[in-house]
Amino acid sequence: MASFTFTTMQQQPTHYYFLSITLCKYPSSASSTHFLYPSPPKHQIPQHFIHRTRHASVRHHFNAKLSTKHYEKKARKETGSGFSSSSRSSNGGTERNKLENLFSSVLEEKAEKKRYVKDKKKMGFDSSSLKSSKTMENNSVVGKKSKKDKANSPVVHLRVQLDMCSKRGDVMGAIQLYDKAIKEGITMGQYHYAVLLYLCSSAAMGIVQPAKSGSGNRPVLNNGKLVDFDNSLANGSTKPYYLEDDEIWVSEDVKKHALVKGFEIYETMCSNNVPMNEATLTSVARMAMSMGDGDMAFDMVKQMKPLGINPRLRSYGPALSVFCSTGDVNKAFEVEKHMLEHGVQPEEPELEALLRVSVGAGKGDKVYYLLHKLRTSVRKVSPSTADIIVRWFESKAASRVGKRRIDQKLIKEAIENGGGGWHGQGWLGKGKWSISYTVVGDDALCKNCGDKLALIDLDPIETEKFAESVASIAIKREKNFSFQKFQKWLDYYGPFEAVVDAANVGLFSQKRFMPSKVNAVVNAIRQKLPSRRWPLIVLHNKRITGRKMDEPVNKALIEKWKNADALYSTPTGSNDDWFWLYAAIKFKCLIVTNDEMRDHTFQLLGNEFFPKWKERHQVHFSFSNTSPVFYMPPPCSVVIQESEKGHWHIPIASELDYDSERTWLCIRRANSHAVKEDSVAITEDSQSLNRNKEHTKSTTQTEVNSNFLPLNNGNYDKPRKLAEEMYKNITSISFASVSSDQHKLLSEIETAEMLGNCVIDFQI
């Protein structure tokens, strides 16, 4: 067990105040929760605290009122008292108070069960750890207890109070509850420690988000660096708190205190043999990250698998953040390797952090690897990632990597085998890069360099596999063989050239389903189809029944679709997403919908085929004053592309996936002759001049490449310098000794031509 030494901060009561907010009925004389912050103006107190308190009390009163009769019977049965209203009055309200206390205990027990089910999902517990935690809590209660005793037990009471601290982001209140529990000998379970560690780790990082309860995403990767929250405070403010967008920014003193208590809580958890889970170990890793200790953060992740815990993407964030911020490329990629070995795929924030540290270290092989990782998993990059990519291609390291001598046949075969748009054979060419922001036209041609970008679609085998996977999932989820019936219906009435997600169209921009919108889209898309045939309209049967659908206009539209054999109504209890998706895949046709297909239903399909298929077949729509407007699939695949010439085209993400004016990065070698085919390539040995001309060669190469950059970069004197350098080279060759070898002379002339990107013409 590693030991930690910290200096405990000195409490200064004059600088803090306690903001007590009671959200439950549990009595507590000495353990009220609070915020330990300096007193802000009244208007700065978050309003959602007041609303949550008010709503909780109203909800409790309403539930108690509805359940009075039910719990009166239960109370009489348990207490054995058959009192009436007159007897309650005569006893001075004593029996009434007993009954109210019993009501309260039963209601709190019921509420606690709901909170337990809800919180176990938020905390990321697996079933085994939940059982272990529940067993430990049950073992702390000796003998058989009544429901009232269990509801008022110290363990449950502590849990409720910790939940309140978590909902308010009250770190100091949670720490005081922990100290009190240790003093009173209360046995805490896994859940208690998970909430405490989450709050302490959040405070150690500088920000606490109320009502998160350990379910946070990846809060640590900000451009691959640790977030310095103190420097983010306005004008170096020394306030120990800062409220913004429901986030609590804590002071340096609170950060240090939370860090000390966090490791103390973790050591207590270990000494008491409380089972760990992913949430607790990730919280400890975050505390290690706040100290800049990436090795400790990585060790927390390494402990998970031996304990039977599956690490998640957020588990790797702390270690990766530290290594990337400190520039340790080897350890950063060691974390990435561990992720892949355990089935965790990095997403753009992680890849961006790795790219940043690789660019900083000038690691061309790592940058090339990450560009292809972004191509497969992200496809189009965010503006921040694009900035890092530009920084790489502007660097000296980028101009040095690459090869001039290539096998063009090998490159073409690699592109064909990969489906188009990339070859993966490494950097091609040498010299500086030219970087431009551009757009791609409707003809798929880059408007900067003129290259035609690839259109990457699923091949027939991939399409068949994709359709089979969708059908297998749908068959398992749909009841009464409804999906098999749909497959037979398609075989009889198909094929179709387009499918319309009628619910998505009919509910566009309003809550009420309108068949007239569906009809307008159907008529408009028919005009774009080669055969002008009706598209398939998939609609849940609840949309074609009811009072609104009995109106003559709506009823006539439904009948028209049915008579055209174009409508398929999915049965009750089914998910119509599976139906229209399968039909579009089966017939390799268009699907008209604005559904971005990002929810859990479509996540089951994975990223192997789905993104490529969706890009090539989805038609987005909107409505103008006169008719529907369609946004057809792009003329090329919106994905990072690498050409056989060594050029790169990188799409930048925009607000709309179907943005026709999307910005692309066009990146190519400034020297157009930087890449030569193997059949005409000159070997490096024959290219090199004698040693006393090496410096001239390198200088000339730099000047030639700079000459092809845009003229707005301030290098207006480069052509003159280039001419001077070329004159020196040509003069040295022309006035060489007549006795020199003729082949050597020609070789040097060719080298000079290549360096100058010109033809030397001797007028004799």
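All figures in this text were calculated on a predicted structure; none of them were measured in a lab.

S.K.: A description of the overall build of the chain should follow, citing residues and the corresponding values.
M.R.: If you tally the helices and strands in the chain, you get 32 helices and 17 strands. Burial analysis of the chain (764 residues in total) assigns 48% to the buried set. Expressed as a percentage of contacts within the chain between residues at least 6 apart in sequence, the contacts between residues at least 24 apart total 74%.

S.K.: Tell me about unusual backbone geometry, and name the residues and values.
M.R.: For the bond from Gly-494 to Pro-495, the omega torsion is 0°, close enough to zero to count as cis. Its place among the elements puts Pro-495 in the loop between α22 (482-493) and β8 (498-501).

S.K.: Any chance you could break down the packing of aromatic side chains for me, citing the residues and the numbers?
M.R.: Taken as a whole, this structure holds 25 aromatic pairs when the rule is applied. Here the aromatic rings of Trp-489 and Tyr-493 are separated by 4.7 Å at their centres, their planes lie at 35°, and the arrangement is tilted. With Trp-489 and Tyr-493 both in helix α22, this residue pair falls four residues apart, about one helical turn. Residue Trp-489 is classed as buried on the basis of its relative accessible area, which comes to 16%. Through successive ring pairs, a cluster of aromatic residues spans Phe-483, Phe-486, Trp-489, Tyr-492, Tyr-493, Phe-496, Tyr-568, Phe-579, Tyr-582 and Phe-587. For the cation-ring pair, Lys-366 lies above Phe-333, with the distance from its terminal atom to the ring centre recorded as 4.4 Å. Of note, Arg-533 hangs over the ring of Phe-496, and the distance from its end group to the ring centre comes to 4.8 Å.

S.K.: Outline the pairing of strand β9 (residues 536-540), supporting the account with residue identities and numerical values.
M.R.: Across the five residues that make up β9, a large majority, five, are buried. Sheet analysis places β8 next to β9, joined by three bridges and oriented parallel. Pairing of Val-499 across the sheet is with Leu-536, part of β9.

S.K.: Please provide a residue-by-residue account of the packing of α22 against helix α26 (residues 576-586), values included.
M.R.: Put simply, α22 and α26 touch, their axes get as near as 11 Å, and they point 35° apart. Crossing angle aside, the handedness with which α22 passes α26 is right-handed. Contact with α22, carried on its side by Ser-482, Phe-483, Phe-486, Gln-487, Leu-490 and Asp-491, involves Trp-578, Phe-579, Tyr-582, Ala-583 and Lys-586 of α26 and no other residues of that element. When its residues are assigned to classes, the contact of α22 with α26 shows seven nonpolar, two polar and two charged.

S.K.: Before we move on, can you summarise the pairing of β8 with the specific residues and values?
M.R.: The two faces of β8 match: Ala-498 and Val-500 on one face and Val-499 and Asp-501 on the other face are all buried. Relative to strand β11 (residues 590-592), β8 runs parallel, the two being bridged by three bridges. Residue pairing for β11: Ala-498 is matched across the bridge by Leu-590.

S.K.: Can you break down the sheet that holds β11 residue by residue, with the values?
M.R.: The strands making up a sheet are joined through hydrogen bonds of the backbone, oriented either antiparallel or parallel. Read from one edge of the open sheet, six strands run β10-β9-β8-β11-β12-β13, paired in mixed fashion. Bordering the open sheet on either side are β10 (567-570) and β13 (628-631), each of which pairs with just one other strand. Put simply, the sheet's adjacent strands are angled 25° from each other on average, direction ignored. Note: β9 against β10, four bridges, orientation parallel. Pairing of Leu-539 across the sheet is with Ser-569, part of β10. Sheet strands in contact with α26 are β8, β9, β10 and β11, and its direction is about 165° off that of β9.

S.K.: I'd like to hear about the packing of helix α9 (residues 190-205) against helix α11 (residues 252-271), residue by residue, with values.
M.R.: Contact geometry for α9 and α11: axes closest at 8 Å, N-to-C directions at 155°. In terms of axis orientation, α9 runs roughly antiparallel to α11. For α9 against α11, the interelement crossing comes out left-handed. Of α11, the residues touching α9 (which contributes Gln-190, Tyr-193, Leu-196, Leu-197, Cys-200, Ala-203, Ala-204 and Met-205) are Lys-255, Ala-258, Leu-259, Gly-262, Ile-265, Tyr-266, Thr-268 and Met-269. For the contact of α9 with α11, the per-class residue count stands at 12 nonpolar, three polar and one charged.

S.K.: Let's hear about helix α16 (residues 348-361): which residues, and what values?
M.R.: In this model, α16 (14 residues) spans 20 Å end to end at C-alpha, consistent with the 20 Å of a helix rising 1.5 Å per residue. Regarding α16, the residues found buried are Glu-348, Glu-350, Leu-351, Glu-352, Ala-353, Leu-354, Leu-355, Arg-356, Val-357, Ser-358 and Val-359. At the C-terminal side of α16, Gly-362 shows a positive phi close to 70°.

S.K.: Could you give me a rundown of the sheet that holds strand β16 (residues 664-669), with the residues and numbers involved?
M.R.: Taken together, four strands build an open sheet; the order of strands is β7-β16-β15-β14 and the sheet is antiparallel. Each edge of the open sheet is held by one strand with a lone partner, namely β7 (433-438) and β14 (641-642). When β14 meets strand β15 (residues 648-651), the two strands line up antiparallel, connected through two bridges. Along β15, the bridge assignment pairs Gln-641 with His-649. Its contacts with the sheet place helix α17 (residues 364-377) against β14 and β15, and it is angled at close to 50° to β15.

S.K.: An account of the nonpolar core is requested, with residue identities and associated values reported.
M.R.: In terms of nonpolar packing, the biggest core is built from 89 residues, with Ile-389, Trp-392, Phe-393, Trp-427 and Trp-648 touching the most fellow members. Tallying contributions element by element places α9 first for this core, with 10 residues. Filtering out sequence-adjacent residues up to four positions away, Trp-392 remains in contact with Val-359, Gly-362, Lys-363, Gly-364, Val-367, Ala-397, Ala-398, Val-401 and Trp-427. If you look at the next biggest cluster of nonpolar residues, it comprises 33 residues, including Ala-471, Ile-473, Ala-474 and Leu-536.

S.K.: So what about the pattern of salt bridges? Which residues, and what values?
M.R.: With the rule as written, the count across this model stands at 15 salt bridges. The salt bridge involving Glu-352 is made with Arg-356; its shortest N-O contact spans 3.7 Å. Residue Glu-352 and its partner Arg-356 are located together in helix α16, separated by four residues, close to a single helical turn. The exposure class of Glu-352 is buried, given its relative accessible area of 8%. It is possible to trace a salt-bridge network through shared partners that takes in Asp-179, Lys-261 and Glu-264.

What counts, and where the lines are drawn
- Residues numbered from 1 in each chain as written.
- Predicted model: local features only at pLDDT ≥ 70, side-chain atom pairs only at ≥ 80, totals over all residues.
- Heavy atoms only, no water.
- Helix = DSSP H or I, 4+ residues; strand = E, 2+ residues; numbered from the N terminus.
- Buried < 20%, exposed > 50% of the residue type's maximum accessible area, 1.4 Å probe, protein only.
- Contact = heavy atoms within 4.5 Å.
- Phe/Tyr/Trp six-rings, centres within 6.5 Å; stacked < 30°, edge-to-face > 60°.
- Lys NZ or Arg CZ within 6 Å of the ring centre and 35° of its normal.
- Pairing = 2+ DSSP bridges.
- Axes fitted to C-alpha atoms, helices over the stretch in contact; angles between N-to-C directions.
- Left-handed = near helix turned anticlockwise from the far one by under 90°.
- Nonpolar A, V, L, I, M, F, W, Y, C, P; charged D, E, K, R; others polar.
- Parallel < 35°, antiparallel > 145°, perpendicular 65-115°, else oblique.
- Expected span 1.5 Å × (residues − 1).
- Core = buried A, V, L, I, M, F, W, Y, C linked by side-chain atoms within 4.5 Å.
- Salt bridge = Lys/Arg side-chain N within 4 Å of Asp/Glu carboxyl O.

Take it as geometry only, folks, not as evidence of what the structure does.
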